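Structure at a glance
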Amino acid sequence: MSMDHWNRRSWIKNLGAAGAMASLGGLPLLARAQKPLTIGMIYVGPKDDFGYNQSHFEAASEIRKMAGIKMVSEENVPETQAVQKTMQGMISQDGATLLFPTSFGYFSPHILEVAKKNPDVRFAHCGGLWDAAKHPKNVASFFGYIDECQYLNGVIAGHMTKSKKIGFVAAKPIPQVLRNINAFTLGAKSVHPEITCSVIFTGDWSMPVKEAEATNSLADQGVDVFTMHVDGPKVVVETAAKRGKFVCGYHASQAKLAPNAYLTGAEWNWITPYKQIVEAARTGKPHPNFLRGGLKEGFVKTSAYGPMVPEGARKAADAIKAKMLKDEFEIFTGELKDNTGKVVIPKGTTVKQIDPVLEGMNYLVEGVIGKV
């Protein structure tokens, strides 16, 4: 148990004593106003993974600086019964009334189970699909349209590839991952329609050995620009750079790991939804059950371009980004076929980012070499 865990305990105890004294002095309201909001942060991996967990930790670090906030956190919590124990411990022992269990697999059944038993505690989950008809009101789901940034990664990759072969190292074929693969491919194909994107699924969020093998295997097949959707992109970035290939980052910036290979990246800006969820909890407003946003709403951002990205490529990507910021660009428009030749979006149809159908995506688009 960390020192700040013990400090937090004694702080809460002291606060209880201070509150009792304030009540004796006829100032119960003052004591109530000073009561901090205790927030619990739960990460599936290490908070310094140059990836998904780090992106959440950076936002949590900003929230932690706010007045009247206490925070308890735990890293490396698996997507099993273990997370239920961690959540219940934070509620029962630390007095947490708002929890951010950040990993995708925490949602069902784990958050849903603990939420039913603790109706006065708010749970804010990243990536799940909250459904008013079947999920508790004290549970929320937030996510960002990072496929917008992956499309822009694809535009840059399309300008930089010489082999017309780009690669994607992915964990699991869940809808959010497929959406990113498809957006990256469509972005690249908007530059050169003949580009193909080869995908390897490693099987789990953090599989460093398999991630290195997948990157090397794709490089052997002639792939010269990479991106990924795994929790910690470090291995893919460093392996691609060692092989003399380019890479587009994901989750957070990995530029300093490979300054000569890093073209740009798709980054989360979790502080935007975090602030909305925390403010609602502090002011007693209803829990925002379903929060979504893209570049325009500040939920996601792009990494700065590396010095090797030519002006033409930057201008092409920036022009599309400007349209996205004005709601004038949609990634998924018909006619769109999957990689088996089946029409998945008919001609004349545009699927907007906010359409829940995209959160159930179960196909890979034409041009992707790989299977779901």
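First, a word on what this report is: a plain description of the structure on this page. The shown structure was predicted, so the numbers you read here are calculated from the model rather than taken from an experiment. (Residues numbered from 1 in each chain as written. Predicted model: local features only at pLDDT ≥ 70, side-chain atom pairs only at ≥ 80, totals over all residues. Heavy atoms only, no water.)

1. Brief notes about the packing of helix H6 (residues 147-160) against helix H11 (residues 311-325)
Interaxial distance between H6 and H11 falls to 9 Å at its minimum, and their mutual angle equals 160°. Here H6 is positioned roughly antiparallel relative to H11, judged by the angle of their axes. As for the relative orientation of H6 and H11, their crossing is right-handed in sense. Mapping the contact onto sequence places Glu148, Tyr151, Leu152, Val155, Ile156 and His159 in H6 and Gly312, Ala313, Arg314, Ala316, Ala317, Ile320, Lys321 and Met324 in H11. (Axes fitted to C-alpha atoms, helices over the stretch in contact; angles between N-to-C directions. Helix = DSSP H or I, 4+ residues; strand = E, 2+ residues; numbered from the N terminus. Parallel < 35°, antiparallel > 145°, perpendicular 65-115°, else oblique. Left-handed = near helix turned anticlockwise from the far one by under 90°. Contact = heavy atoms within 4.5 Å.)

2. Here's the deal with the pattern of salt bridges
Per the stated rule, a full pass over the model turns up 13 salt bridges. Among the salt bridges present, the one from Asp204 reaches Lys172, with a minimum N-O distance of 3.7 Å. Of this pair, Asp204 sits in the loop between strand E7 (196-201) and helix H8 (208-220) while Lys172 sits in the loop between strand E6 (165-170) and helix H7 (175-189); the two residues are 32 residues apart in sequence, bridging distant segments of the chain. On the basis of relative accessibility, which here comes to 22%, the residue Lys172 falls in the partly exposed class. (Salt bridge = Lys/Arg side-chain N within 4 Å of Asp/Glu carboxyl O. Buried < 20%, exposed > 50% of the residue type's maximum accessible area, 1.4 Å probe, protein only.)

3. A few points about unusual backbone geometry
Put simply, Ser108 and Pro109 share a cis peptide bond, and its omega is 5°. The omega angle of the peptide bond from Gly334 to Glu335 is 5°, so this bond is cis rather than trans. Along the chain, the position of Glu335 falls in the loop between strand E13 (332-333) and strand E14 (336-337). At Phe50, a position not held by glycine, the phi torsion is positive, near 55°. By secondary structure assignment, the location of Phe50 is in the loop between strand E1 (37-42) and helix H3 (52-64). By relative accessible area, Phe50 is classed as buried at 17%. Phi at Asp327 takes a positive value of approximately 60°, unusual for a residue other than glycine. Among the secondary structure elements, Asp327 is positioned in the loop between H11 and E13. By relative accessible area, Asp327 is classed as partly exposed at 47%.

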